[in-house]
Each structure stands twice: as structure tokens, then as C-alpha cells.
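# An overview of the molecular structure
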Amino acid sequence: MTSETTPSISRQGQRPAGRPPLPPGAGINQMKLDLEVTRDELASTLDDLFATFNLRVQIRSHPALFAGVFLGLAGAAAGIATLLLRRRGRAG
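Residues numbered from 1 in each chain as written. Predicted model: local features only at pLDDT ≥ 70, side-chain atom pairs only at ≥ 80, totals over all residues. Heavy atoms only, no water.

### Some remarks on the overall build of the protein
A count of helical and extended segments in the protein gives three helices and zero strands. Of the regular secondary structure in the protein, the N- to C-terminal order runs α-α-α. In the protein, buried positions account for 3% of the 92 residues. Of the roughly 8400 Å² that the protein leaves accessible, carbon and sulfur atoms contribute 63%. (Helix = DSSP H or I, 4+ residues; strand = E, 2+ residues; numbered from the N terminus. Buried < 20%, exposed > 50% of the residue type's maximum accessible area, 1.4 Å probe, protein only. Areas by Shrake-Rupley, 256 points an atom, 1.4 Å probe, with all protein chains shown as cover.)

Take a look at the structure:
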């Protein structure tokens, strides 16, 4: 992979990899279009980021995993409750 195809941390005055630089003397319309594209990319990135940390979206995306986690937690809670009830029964 070259640095032209690999996104990297941009330095001041440089554009992210994969985006061609604005030509010299670019007009205001071209700059506005570039700004609009940048906003769309940012919005898409933020949507992906918020979906990653949104529990509802994750449950909808991976229902079997969360069902397994829920059943495991329910089983562990039932086991702990059973042990506590047995101790109380022996002590009394």
C-alpha cells in the first residue's frame, strides 16, 4: 500500500489521502462543493461511530450474541440465588 491510498493523520495544509487537492485558483463554487462533500463524509463517519456505541443498534445487529449473554447472566443469577437460598436453609 502506498501513502496515497492509505488514510493517515493529515498534517496541517494537507488533505486526507484519497482526496485530490483543489486545483490552484479554484472558484467559490468548487470550494462549496468540496465543503459539502467533506460534511457528508463527516456525517457518515459520525453516524457509523454513534451506531457502534448505541446498544439498541448493536442488539438489533447481533441478536443471537445478546440472547446468549442474557441467558448466561440469567443463569448466573439463578445459580447465585440457589446457593444463597441453600445457605439460608442450612443455617436456619
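### Comments concerning the environment of T45
Within the secondary structure layout, T45 lies in helix α1 (residues 28–53). In this structure the side chain of T45 is engaged in a polar contact, spanning 2.9 Å, whose partner is the backbone oxygen of E41. (Polar contact = N/O pair within 3.5 Å; in protein donor to acceptor, adjacent residues only side chain to side chain.)

### Structural notes on the confidence of the model for the protein
In this model, the protein carries an average pLDDT of 82, and 78% of its residues clear a pLDDT of 70 or more. Counting contacts from residues 1–6, a segment whose pLDDT is below 50, to residues more than four positions away or on other chains yields five contacts. (pLDDT = per-residue confidence, 0-100. Contact = heavy atoms within 4.5 Å.)

### Description of a nonpolar patch on the surface
Taken together, the side chains of L42, L46, L49, F50 and F53 define a hydrophobic patch exposed on the protein surface, amounting to about 560 Å² of accessible area. Along the chain, L49 turns up in helix α1. (Patch = residues over 30% accessible without salt bridge, like charges linked within 9 Å, V, L, I, M, F, W, Y side chains within 5 Å. Salt bridge = Lys/Arg side-chain N within 4 Å of Asp/Glu carboxyl O.)

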